[in-house]
Amino acid sequence: MSAIQLWRRVRRADKPVAVIVGVGNLLLCGVLFLMMIGGVLNFEAATREQETAAQTLAGQIFGCWLAGGLMLFSMLGMTRALFSHLATMLCMPAALIVILTLLW
């Protein structure tokens, strides 16, 4: 398989990958948000130090996932997946924070 054929296959897979990336990012952001507020049983913190460590870990996972996805999809030339990744990773946390403040 030549490089041109591989490039064409990647470009054809852009649309299905964008949907999968969007759904995966929504799930990941939801779990990270629950991790940050201590709403998941596995991430419940007994002390303030544990809570701070869980929040730091969630922030690091979020940042690495965002940067890694942006680099990967831009290098592969998958524009739909790139914009899907960017939109879900930036809009989902904002929406969750707005929902949390409205319910508070």
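Described below are features of the structure shown in this document. Every value quoted in this text rests on a predicted model; they were computed, and no experiment measured them.

### Focus: the pattern of salt bridges
Two side chains bearing opposite charge may form a pair once their charged atoms approach each other closely. Summed over all chains, the structure comprises one salt bridge. Here arginine 48 and glutamate 51 are joined by a salt bridge, their closest N and O atoms 3.1 Å apart. Highlighted residues: arginine 48 and glutamate 51, both in helix H3 (residues 48-76), separated by three residues, approximately one helical turn. By relative accessible area, which is 52% here, arginine 48 ends up exposed.

### Side note on the nonpolar core
Ranked by size, the top nonpolar core spans six residues in total: Ala18, Val21, Phe73, Met78, Ala81 and Leu82. Put simply, the parts of the chain that give this core at least two residues each are helix H2 (14-37) and helix H4 (79-103). Setting aside residues no more than four positions away along its own chain, valine 21 makes contact with Phe73, Ala81, Ser84 and His85.

### Describing H3
Between its first and last C-alpha atoms H3 spans 42 Å; for 29 residues at 1.5 Å apiece the expected length is 42 Å, and the two agree. Every buried residue belonging to H3 is among Ala54, Ala58, Leu66, Gly69 and Phe73, and all of these are buried. Of the surrounding elements, those touching the buried residues of H3 are H2 and H4. The first or second residue beyond H3 is glycine 77, which carries a positive phi of 75°.

### Quick notes on the layout of surface pockets
In this structure, the largest pocket occupies an estimated 170 Å³ of space. Contributing to the lining of the largest pocket are Cys29, Leu32, Phe33, Met36, Ala58, Gly59, Phe62, Pro93, Leu96 and Ile97. Breaking the lining of the largest pocket down by element, the ones donating at least two residues are H2, H3 and H4. Broken down by element, the lining of the largest pocket gets its largest block of residues, four residues, from H2. Taken together, the residues of the lining of the largest pocket sort by class into nine nonpolar, one polar and no charged.

Parameters and conventions
- Residues numbered from 1 in each chain as written.
- Predicted model: local features only at pLDDT ≥ 70, side-chain atom pairs only at ≥ 80, totals over all residues.
- Heavy atoms only, no water.
- Salt bridge = Lys/Arg side-chain N within 4 Å of Asp/Glu carboxyl O.
- Helix = DSSP H or I, 4+ residues; strand = E, 2+ residues; numbered from the N terminus.
- Buried < 20%, exposed > 50% of the residue type's maximum accessible area, 1.4 Å probe, protein only.
- Core = buried A, V, L, I, M, F, W, Y, C linked by side-chain atoms within 4.5 Å.
- Contact = heavy atoms within 4.5 Å.
- Expected span 1.5 Å × (residues − 1).
- 1 Å grid on protein atoms, 1.4 Å probe; cavity = no way out; pocket = protein on both sides within 12 Å on 5 of 7 lines; lining within 4 Å.
- Points joined across faces, edges and corners; volume = space filled by probe spheres on them.
- Nonpolar A, V, L, I, M, F, W, Y, C, P; charged D, E, K, R; others polar.

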